[in-house]
Amino acid sequence: MTSRLKAAVYVDGFNLYRQKLQHHPDAKWLDLVKLSELLLPTHDIVGVEYFTALLKPALGTDPQAPIRQQTYLRALTSLPTVRQHFGQFRHDTRRLPVIPIELDEAGAPRRVKVRKTEEKGSDVNLAARMVVDASRQRADVYVLVSNDSDFADMLRLLGDELNARFGLFSPVESPAARLLQQRPLFIKPIRRAVLLASQLPRAVVTPDGKTVHRPAEWR
């Protein structure tokens, strides 16, 4: 019998959330392994690497959001082939132009002070992990879950320098042009039906024996 090909999956957590999950709470209790298996049934999923950052309560945001995220991250520990990697949030205060543009007495664009929040580290961590795994020939194909065009150079490196095969699980129907230019082996759009078919059980048991329940807001 011919052995099945192996795939390793690399999830840009916030890109997946913003593009696909943010407005669909019934899809947020996501089993990343089942999702990968449904999208790529011809391969064995040897690992799913999940890259994100921990939310913190912020003025004007849902104070329960960090709690729900922590609950989900604990639930993911019940999946032995999923590993979590964390970046961090950076908060800066900047003065940016008012939109639509308003001019002050001197004729310059009027600016207001805003608090800008950016997630840092996850993209770099994902790219580094994917390149290292490909150099070690961890799998037969490496799958990126993101529509961030900043990953284009990393994919080019995988193909041109490491002769590695890669594909996309796209959270949008029309992936970024720079990603398509790298000629992925396949492009699998992540549609709502497959998300709903890839939900964790309502209650899961973590490796330390504790039971974690799906947040009520996500039912």
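Residues numbered from 1 in each chain as written. Predicted model: local features only at pLDDT ≥ 70, side-chain atom pairs only at ≥ 80, totals over all residues. Heavy atoms only, no water.

### A word on the pattern of salt bridges
Inference 1: Within this structure, the stated rule accounts for 10 salt bridges.
Inference 2: The residue R83 makes a salt bridge to E49 at a minimum N-O spacing of 3.0 Å. In this pair, R83 sits in strand β3 (residues 82-97) while E49 sits in strand β2 (residues 43-53), placing the two residues 34 residues apart along the sequence.
Inference 3: Given the relative accessible area of 41%, R83 is considered partly exposed.
Inference 4: Residue R138 pairs with E49 through a salt bridge whose shortest N-O separation is 2.9 Å. Residue R138 is found in the loop between α4 (122-135) and β5 (141-145), and its partner E49 is found in strand β2; the two are separated by 89 residues along the sequence.
Inference 5: You can call R138 partly exposed: its relative accessible area is 26%.
Inference 6: Salt bridges sharing common partners tie together E49, R83, R129, D133 and R138. (Salt bridge = Lys/Arg side-chain N within 4 Å of Asp/Glu carboxyl O. Helix = DSSP H or I, 4+ residues; strand = E, 2+ residues; numbered from the N terminus. Buried < 20%, exposed > 50% of the residue type's maximum accessible area, 1.4 Å probe, protein only.)

### What about the nonpolar core?
Inference 1: V9, L30, V48, Y50, Y72, F169 and I190 are the most contacted members of the largest nonpolar core, which totals 34 residues.
Inference 2: Listed by contribution, the elements that provide at least two residues to this core are β1 (5-12), α1 (13-21), α2 (32-39), β2, α3 (65-76), β5 and α7 (192-196).
Inference 3: With 20 residues, the next largest nonpolar core counts Y10, F51, L144 and L179 among its residues. (Core = buried A, V, L, I, M, F, W, Y, C linked by side-chain atoms within 4.5 Å.)

### Quick notes on the side chain of R214
Inference 1: Within the secondary structure, R214 sits in the segment after β9 (211-213).
Inference 2: Buried and unpaired, R214 has D26 as its nearest opposite-charge partner, separated by 6.1 Å.
Inference 3: Here D26 takes part through its backbone oxygen, which lies 2.7 Å from a polar atom of the side chain of R214.
Inference 4: The contact partners of R214, leaving out residues within four places of it in the chain, are P25, D26, A27, W29, Q199, L200, R202 and R219. (Lys, Arg positive; Asp, Glu negative; His and termini not counted. Polar contact = N/O pair within 3.5 Å; in protein donor to acceptor, adjacent residues only side chain to side chain. Contact = heavy atoms within 4.5 Å.)

Such coordinate-based values are descriptive only and should not be taken to indicate function.
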